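Architecture and fold: a report
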Amino acid sequence: MSERWRMPLLLALLIVFGLLAALLGTGIWHVLSWLALSTPLIVLYRKIWRASSKSRHHF
Amino acid sequence: MTTKTIKRWLFLHRWSSLICTLFLLMLCLTGLPLIFADEIDGWLNPHPPYENLPANTPMANLDSIVHITRNRYPHEVLTFLFIDDDEPQIIANLSSSWKEFMQPHSDSTHYIRFDARTAKVLEDADAKTAGKRTFIRIMLDLHRGLFMDLPGELFLALMGALFGLALVSGIFIYSPFMKKMDFGTIRKDRSRRLKWLDLHNLLGIVTLAWMLIVGLTGIMNEVSTPLFGIWQATDVKAMLEPYKNIPVPTPEELHSVQAAFDTAQRAVPDMTITSLVFPGSPFGSPRHYLLWSHGNSTLRSRLFNPVLVDGRTGALSAVVKMPWYLRALEISRPLHFGDYGGMPLKIIWTILDLLTIVVLISGLYLWWARRKLPDHV
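**Examining the packing of helix H1 (residues 3–35) of chain B against helix H2 (residues 37–44) of chain B**
Residue and element names in this part refer to chain B.
- Where H1 contacts H2, the axes come no closer than 5 Å and their chain directions differ by 70°. The pairing of H1 with H2 is recorded here as roughly perpendicular in orientation. Counting all contacts with H1, which are made through Pro33, Leu34 and Ile35, the residues of H2 involved are Ala37, Glu39 and Ile40.

**Some points on the confidence of the model for chain B**
Residues and elements named next belong to chain B.
- With 98% of its residues at a pLDDT of at least 70, chain B reaches an overall mean of 91.
- Averaged pLDDT values for the elements of chain B fall to 81 in helix H5 (residues 127–130) and rise to 96 in helix H10 (residues 257–267).
- Two numbers describe this predicted complex: its pTM, 0.88, and its ipTM, 0.90.

**A few points about the sheet that holds strand E8 (residues 316–319) of chain B**
All names here are of chain B.
- Taken in spatial order, the 8 strands line up as E4-E3-E2-E1-E5-E6-E7-E8 in an open sheet, and their pairing is antiparallel. The open sheet is flanked by strand E4 (121–125) and E8, the only strands paired with a single partner. Direction aside, neighbouring strands of the sheet carry axes that sit 20° apart on average.
- Sheet topology places strand E2 (residues 89–95) next to strand E3 (residues 110–115); 6 bridges connect them, and they run antiparallel. When the bridges of E3 are listed, glutamine 89 appears paired with aspartate 115.

**Some remarks on the environment of B:Ala259**
- Note that B:Ala259 resides in helix H10.
- According to the relative accessible area criterion, B:Ala259 is partly exposed, its value standing at 23%.

**Examining the environment of B:Leu345**
- Relative to the helices and strands, B:Leu345 is located in helix H12 (residues 342–370).
- Distance in space between the C-alpha atoms of B:Leu345 and B:Ile35 is 9.8 Å, their sequence separation being 310 residues.
- Once you skip the residues sitting within four places of it in the chain, B:Leu345 turns out to touch A:Ala22, A:Ser33, A:Trp34, A:Leu37, B:Gly338 and B:Tyr340.

**Some details on a negative patch on the surface**
All names here are of chain B.
- A grouping of Asp38, Asp85, Asp86, Glu87 and Asp339 is seen on the molecular surface, where their side chains present a negatively charged patch.
- Along the chain, the position of aspartate 86 falls in the loop between strand E1 (77–83) and E2.
- Its relative accessible area of 69% is what places aspartate 86 among the exposed residues.

**Some thoughts on a nonpolar patch on the surface**
All names here are of chain A.
- Together, Phe17, Ile28, Trp29, Val31, Leu32 and Leu35 make up an exposed nonpolar region whose accessible area comes to about 550 Å².
- A total of 5 residues in the nonpolar patch trace back to one element, the largest contributor, which is helix H2 (residues 28–58).
- Along the chain, the position of tryptophan 29 falls in helix H2.

**Here we look at the pattern of salt bridges**
Residue and element names in this part refer to chain B.
- Scanning the entire structure with this criterion turns up 11 salt bridges over all chains.
- Salt-bridge contacts for glutamate 253 lead to arginine 312; the nearest nitrogen and oxygen are separated by 3.5 Å. Pair noted here: glutamate 253 is in the loop between helix H9 (224–240) and H10 and arginine 312 is in the loop between strand E7 (304–310) and E8, with a separation of 59 residues, a long-range link.
- By sharing partners, the salt bridges in this structure join Arg133, Asp141 and Arg144 into a single network.

What counts, and where the lines are drawn
- Residues numbered from 1 in each chain as written.
- Chains lettered and ligands numbered in written order.
- Predicted model: local features only at pLDDT ≥ 70, side-chain atom pairs only at ≥ 80, totals over all residues.
- Heavy atoms only, no water.
- Axes fitted to C-alpha atoms, helices over the stretch in contact; angles between N-to-C directions.
- Helix = DSSP H or I, 4+ residues; strand = E, 2+ residues; numbered from the N terminus.
- Parallel < 35°, antiparallel > 145°, perpendicular 65-115°, else oblique.
- Contact = heavy atoms within 4.5 Å.
- pLDDT = per-residue confidence, 0-100.
- Pairing = 2+ DSSP bridges.
- Buried < 20%, exposed > 50% of the residue type's maximum accessible area, 1.4 Å probe, protein only.
- Patch = residues over 30% accessible without salt bridge, like charges linked within 9 Å, V, L, I, M, F, W, Y side chains within 5 Å.
- Areas by Shrake-Rupley, 256 points an atom, 1.4 Å probe, with all protein chains shown as cover.
- Salt bridge = Lys/Arg side-chain N within 4 Å of Asp/Glu carboxyl O.
- Lys, Arg positive; Asp, Glu negative; His and termini not counted.
- Charge placed at Lys NZ, Arg CZ, Asp CG, Glu CD.

Now the structure itself:
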């Protein structure tokens, strides 16, 4: 599988895990769910922040 | 993929999303306050605090609650009791008639709120208060069916299906659009359109699983009225068939409500009973009490089990098995609402909702900006 697909697939699996962990478990499973669902948000933040800081450097 | 296949998926992506985008934007915006519906309602319409009693205080006798209610409104129909499993309250719901009860925005439907432990009346809400269009209710009516009940719900289900189609076709054009770029590349320095194209692709592909699940469970919720209708017309009808020649009991002939509750609780000892529907309800049986219970463990608490108790004799008639499509609906509900994993989950839900709005608007912008370009993928 190409590199381009590996990350989206991993994030999709984390999202599905996060949604089910909070639904089926309590306690530690809720914490795991929050961590799993935060990962795509952190990835987005880093990608977008890096893109904007790079271009600021450019100008 | 050949250029022809890509063009076909692109065509599908463009038109399925263009048709549903405005409605999806409305759903995302009205959905935001609904994530925090409990918090906002508690803040806008606060109840006075409950009397402080020991946690193990037993529940008040349901017969005395029914007695107080019937005494206050002797000429009305007691439709159902809601036994809250979250707060110590029991709500007795009334209507001038069963026919009136079935009207979507009836102005004769009202309720009395009791303390579940003392049977003390906390609030006797008239029809005006009961039907008050609170902020959350307006958002919900808009979100669920554009203020149009069933036709609106089915229309939004269709928009949800188009959204699903837009997401799936989006997966197929993600790769060709990314060309040879690494995951997450944003071409910031070339043109505004390319920057937004990359952002649209990145945000879309990263949140895809969430959008797909919330979209599909949303469709499930929108078709819940027809699903319950199918169940009532088939399974429920078949189950009530043996009783159809027994005369319908009058309110005076009804067996004790508390006894019906106890009988049902014995039939489903591991479940929590949260509502009791009186005989005669179009949502229940003409001759039975219908009690809704749910499980106590996390997975089972999503699954509801109705129990039928004979209205005249108080004998257990049946513990009803729900069909697979209603089980699926029950599982879908929390997955759509995002209210099942504490405040952090609600905040994550909010961010994902806002990101969906960015995906929708950037998609609209890309379509608009592309119209000015020469025809190329």
